[in-house]
Amino acid sequence: MSMDRRTTLKWMFAAAATVPGLDALADTPGPQARDVAGTQAGYGTDPALMKEWHAGGPWPLTLGAPARLTTAALCDLIIPADEVSPSASAVGVVDFIDEWISAPYPQQRADRTIILPGLTWIEAEAQARFGNSFAALESVQREAIANDVCSVGKAAPQSATAARFFAKFRDLTAGGFYSTPVGMKDIGYVGNVPLAKFDGPPTEVLKKVGLA
Amino acid sequence: WWRARMLGGRTNHWGRISLRNGPYDFKPQTRDGLGFDWPMGYEDLAPFYDKVEMLIGVYGSNEGLENTPNSSPGVLLPPPKPRVSDLLVRKHAAKLKVPVIPGHRAVLTKKLDDARIPKLLHPGNAKAQKILAEDMRARAACFFATPCGRGCSIRANYQSTTVHLPPAMATGNLDIVTDAMVRAVTKRAGGGADGVIYIDRRTGAEHRAKARVVVLAASALETVRILLNSGVANGSGKVGKYIMDTVGANFGGQVPMLEGLPPHNEDGVDGGHMYVPWWLYKEQVAGKLGFARGYHIEFDGGKTMPGMGTGAGLEWLNGGNYGKKFKQDARRYYGSFVKFAGRGEMIPNDDCYAELDPTTKDKFGIPVLRFHWKWSDHETRQAAHMQKTFAEIIDAMGGRMATPPQSGEKAIKQGGIIIHEVGGAIMGDDPAKSVTNSFGQSWEMKNLFITDGATLCSNADKNPTLTIMALAWRAAEHMLGLMKRKEL
């Protein structure tokens, strides 16, 4: 599926902004660490999100048709359909990732430098090992490639860069997927609905943790 | 050193944590010999803390803890009910004698009392009472949905644009000029300020605004920049000196007890429901800690609104995977993390200052600031203590940590990251050693006032916004008195 620019822009900003309550999470070691260096030139003001944006604006997207196929295949390897929810590509995560890596902000620029060479690598790997593009491979072939790189800690030294790419791609796929209504439902988020009062945790929850 | 060049400034993106400085915080030098005492005490500001809390609406509780002041009766709104992670932290932190109490934040947990408060805030001023009462009726109580940081459509949280400006506009006495970049305060013949020069951001044209009294509230460091670019109010040479930020260090863990809990709405008021005030005053003053000032702990856990952190960075827990197993793990671990953030007091020092950059100018041609910064051992040791404490609490909860706690040097955030920017035009009793008196009034220009954080001569662990607002109210009353007596 493909969605309009305004929708993906709003989605990207919302997902990027929804770091829980404190800024604590943004500073914990790991994928949320933010690049605060910025760029000398700056990136100007944010695009107007009340406006309808179409292809090209407010900044050009990155992924061409072949790269979108690779991205979709990798998204769905990481988050396939299961009995609870559909796959990542089915809810627009390919558009989300394209939006993310195309944006001019420091974090997104940094991620772009990992994602684009990574997509090139995975295509080359698919060709070298199986003589076909990644999107056209059998599941078992894709998994063979993924198994070598899905753990930064366990990857062979020559796969270290590819493993870092895979980890980053997995984080972006998860962030995109779980910030959709479908993903939120899957994961058990039932908030962001207006309430007349806030009751706190129900008794069954308190019992489970030994507080009631 | 983030800048918030927007209407409402920093109130658009603060955490709404509203803590009072305590009696010790006004006399830190007397207590431990370091930094500066304020030219006022807690008792001078307490009535204004009450007023600000009633005006903006702050939830919390009165616990009577050391240097953690109570508000007057009837001032605070009820705190929201704790989340399950709050209760778990409280239970296990108690084993370490770390107190967990309701937080204080500027979010309406119930509607403001429009019949009572306006009379208390504007005694004898029927027009002000009426306007404020109408505005208080227009603010709804929190509906526990939508992220505060993106603006509150029902005006339940406090931000200047929705809480201060509408009633001020309703008086008919306020003109707002937006897109105006102030370059300098102008001097009138015979001394004193007579206005400002500003540049229209859209056209680049320069304009002047004339004034009987000039009040700078541009965010501490922007105020410093304006003063330095104006060449005024700096006979002491202290403009730009003693800039401070909050000591910040964070650490989190994963708590198996929180895995697999039945889904329930944990949004609450979109921010901390509870916190830990500094609890080691006695040990500290006895010299047992190796650092002179305290910190409080903000923490967060549970099934918060998913975003880029959700399902991310799980390799330390599951070894790194993909596919259906990954989806199962994302469900399993979501909501099981607890994150702690220490926010501590920095002591002003000679190595932390801002000055005009001799070459770099912004796009309007206005010289920018350059910053000099150095934490002292007091701050890095404090950050190390934070890390150790957070790890102990996580451990007590049966939690797991991705990495061991960091050293203070590694854990401490750079200056300008927490961005509780204060100082740079400090208040004092002595015109040779300070820029303003306790009313934020320049020693040299009697009609020039500063009402942002620039006048703070210490930066208690308590987030500064509430104190800045209380000081501003006190300064405004003083200013009005002077104007009525024709002394301004």
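Bear in mind that the values here come from a model prediction, so they are computed numbers and not experimental data.

## A closer look at the overall build of chain B
On a plain count of helices and strands, chain B comes out with 15 helices and 12 strands. Expected size for 488 residues packed as a compact globule is a radius of gyration near 23 Å; at 23 Å, chain B falls within 12% of this value. C-alpha extents for chain B along the principal axes are approximately 75 × 50 × 50 Å. Sorting the 488 residues of chain B into buried and exposed places 52% on the buried side.

## Thoughts on the environment of Val 285 of chain B
All names here are of chain B. Examined against the element boundaries, Val 285 turns out to sit in helix 10 (residues 281–285). On a C-alpha basis, the gap between Val 285 and Arg 31 in space is 7.7 Å, while along the polypeptide they are 254 residues apart. Those residues within four positions of Val 285 in sequence are excluded, and the remaining contacts are Arg 31 and Asp 32.

## Here we look at the environment of Asp 351 of chain B
Residues and elements named next belong to chain B. Structurally, Asp 351 is set in the loop between strand 9 (337–344) and strand 10 (353–361). Residue Asp 351 is classed as exposed on the basis of its 10 C-beta neighbours within 10 Å. A C-alpha to C-alpha distance of 8.6 Å links Asp 351 and Lys 241, two positions 110 residues apart in sequence. With residues near it in sequence (within four places) discarded, Asp 351 still touches His 372 and Lys 374.

## Let's talk about the sheet that holds strand 9 of chain B
Residues and elements named next belong to chain B. Strands sit in the order 1-7-8-9-6 across an open sheet of five strands; the sheet is antiparallel. The two strands at the open ends of the sheet, each matched to only one other strand, are strand 1 (101–102) and strand 6 (247–254). Bridging between strand 8 (residues 295–301) and strand 9 involves seven bridges; their strand directions are antiparallel. Its bridge partner lying in strand 9, Asp 300 is registered against Lys 339. Along the sheet face, helix 13 (residues 377–396) touches strand 6, strand 8 and strand 9 and points at about 20 degrees away from the line of strand 6.

## A short note on helix 3 (residues 65–78) of chain A
In a regular helix each residue adds 1.5 Å, so 14 residues correspond to 20 Å; helix 3 of chain A covers 20 Å between its end C-alpha atoms and thus fits that length. A large share of helix 3 of chain A lies buried, amounting to 10 of its 14 residues. When we look at burial in helix 3 of chain A, the residues that qualify are Arg 68, Thr 70, Thr 71, Ala 72, Ala 73, Leu 74, Cys 75, Asp 76, Leu 77 and Ile 78 of chain A. Of the surrounding secondary structure, the elements contacted by the buried residues of helix 3 of chain A are helix 4 (93–102), helix 5 (106–130), helix 6 (139–149) and helix 7 (160–178) of chain A together with helix 12 (324–333) of chain B.

## Structural notes on the interface of chain A and chain B
Many descriptions give the size of an interface as the accessible area lost when the pieces come together. On the chain B side, the residues contacting the 58 residues of chain A number 60 residues. Looking at the side of chain A that touches chain B, the elements that each hand over two or more residues are helix 1 (5–17), helix 2 (24–27), helix 3, helix 7, helix 8 (181–187) and helix 9 (203–208) of chain A.

## Structural notes on the confidence of the model for chain A
With 88% of its residues at a pLDDT of 70 or more, chain A shows a mean pLDDT of 88. The low-confidence segment residues 19–40 of chain A, where pLDDT is below 50, has 53 contacts with residues more than four positions distant or belonging to other chains.

## Concerning the packing of helix 3 of chain A against helix 4 of chain A
Residues and elements named next belong to chain A. The contact between helix 3 and helix 4 brings their axes to 9 Å, and the two run at 115 degrees. Note that helix 3 runs across helix 4; the crossing there is right-handed. Together, Arg 68, Thr 71, Ala 72 and Cys 75 of helix 3 and Val 93, Val 94 and Ile 97 of helix 4 make up the contact between the two elements. Counted by class, the contact of helix 3 with helix 4 contains five nonpolar, one polar and one charged residues.

## Looking at unusual backbone geometry
Positive phi values are uncommon outside glycine, yet Asn 192 of chain A reaches one of about 55 degrees. Within the fold, Asn 192 of chain A resides in the loop between helix 8 and helix 9. Its identity is not glycine, yet Arg 16 of chain B carries a phi of approximately 65 degrees, on the positive side. Its location among the elements puts Arg 16 of chain B in the segment before helix 1 (23–26).

## A few points about helix 12 of chain B
Taken together, the buried positions of helix 12 of chain B are Phe 326, Lys 327, Ala 330 and Tyr 333 of chain B. Seen along its axis, helix 12 of chain B keeps its buried residues to an arc of 140 degrees; they face one direction. Structurally, helix 12 of chain B contributes buried residues whose contacts are with helix 3, helix 7 and helix 8 of chain A together with strand 6 and helix 11 (315–318) of chain B. Taken from the residues just after helix 12 of chain B, Gly 335 of chain B is the one with a positive phi, measuring 85 degrees.

## Remarks on the pairing of strand 6 of chain B
All names here are of chain B. The buried count for strand 6 comes to seven of eight residues, which makes it a mostly enclosed element. Relative to strand 9, strand 6 runs antiparallel, the two sharing eight bridges. Following the sheet pairing, Asn 250 is matched in strand 9 by Ala 341.

## Observations concerning the confidence of the model for chain B
A residue-level look at chain B finds 100% of positions with pLDDT of 70 or above and a mean pLDDT of 97. Taken over the whole predicted complex, pTM reads 0.94, whereas the ipTM for its chain interfaces reads 0.91.

## Concerning the environment of Glu 204 of chain A
Residues and elements named next belong to chain A. Turning to its location among the elements, Glu 204 is positioned in helix 9. Taking the C-beta count within 10 Å as the criterion, Glu 204 has 11 such neighbours and is therefore assigned exposed. The spatial distance from the C-alpha of Glu 204 to the C-alpha of Ser 85 is 26 Å, given a sequence separation of 119 residues.

## Quick look at the sheet that holds strand 4 (residues 206–210) of chain B
Residues and elements named next belong to chain B. If you trace the three strands from one edge of the open sheet to the other, you get 2-3-4, paired in antiparallel fashion. Both edges of this open sheet fall to strand 2 (180–187) and strand 4, since each of them pairs with a single strand only. Going from strand to strand, the sheet's axes swing by 30 degrees on average, the running direction of each strand aside. As paired strands, strand 2 and strand 3 (residues 193–200) are joined by seven bridges and run antiparallel to one another. Note on strand 3: the bridge partner recorded for Thr 186 is Gly 195.

Cut-offs applied
Here the residue numbers are simple positions, counted from 1 along each chain's written sequence. As they are written, the chains are lettered A onward and the ligands numbered 1 onward, keeping that order. It should be noted that, the model being predicted, local features are given only for residues of pLDDT at least 70 and side-chain atom pairs only at 80 or more, the latter also being counted only at that level, while totals for whole chains, interfaces and linings use all residues. Under the scheme used here, helices are H or I runs from DSSP no shorter than 4 residues and strands are E runs no shorter than 2 residues, and both carry numbers assigned from the N terminus. As defined in this context, the radius of gyration uses C-alpha atoms, and a globule is described by 2.2 Å times the residue total to the power 0.38. Three classes are used. A residue is buried when 20 or more other C-beta atoms lie within 10 Å of its own, exposed when 12 or fewer do, and partly exposed in between, with C-beta atoms placed from the backbone. Any two residues are considered in contact once their C-beta atoms, placed from the backbone, lie within 7 Å. Two strands pair if DSSP finds at least two bridges between them. Between N-to-C directions, angles span 0 to 180 degrees; the directions come from axes that are lines fitted to C-alpha atoms, helices contributing only their stretch in contact. Here, expected helix span is obtained from the residue count minus one, scaled by 1.5 Å. Per-residue confidence from the predictor is reported as pLDDT, a score between 0 and 100. Crossing chirality is assigned from the near helix's rotation relative to the far helix, an anticlockwise turn below a right angle marking it left-handed and a clockwise turn marking it right-handed. For this scheme, ten residues count as nonpolar: Ala, Val, Leu, Ile, Met, Phe, Trp, Tyr, Cys and Pro. Four count as charged, namely Asp, Glu, Lys and Arg, and the remainder, Gly too, count as polar. This arc describes the spread of directions from the helix axis toward the C-beta atoms.

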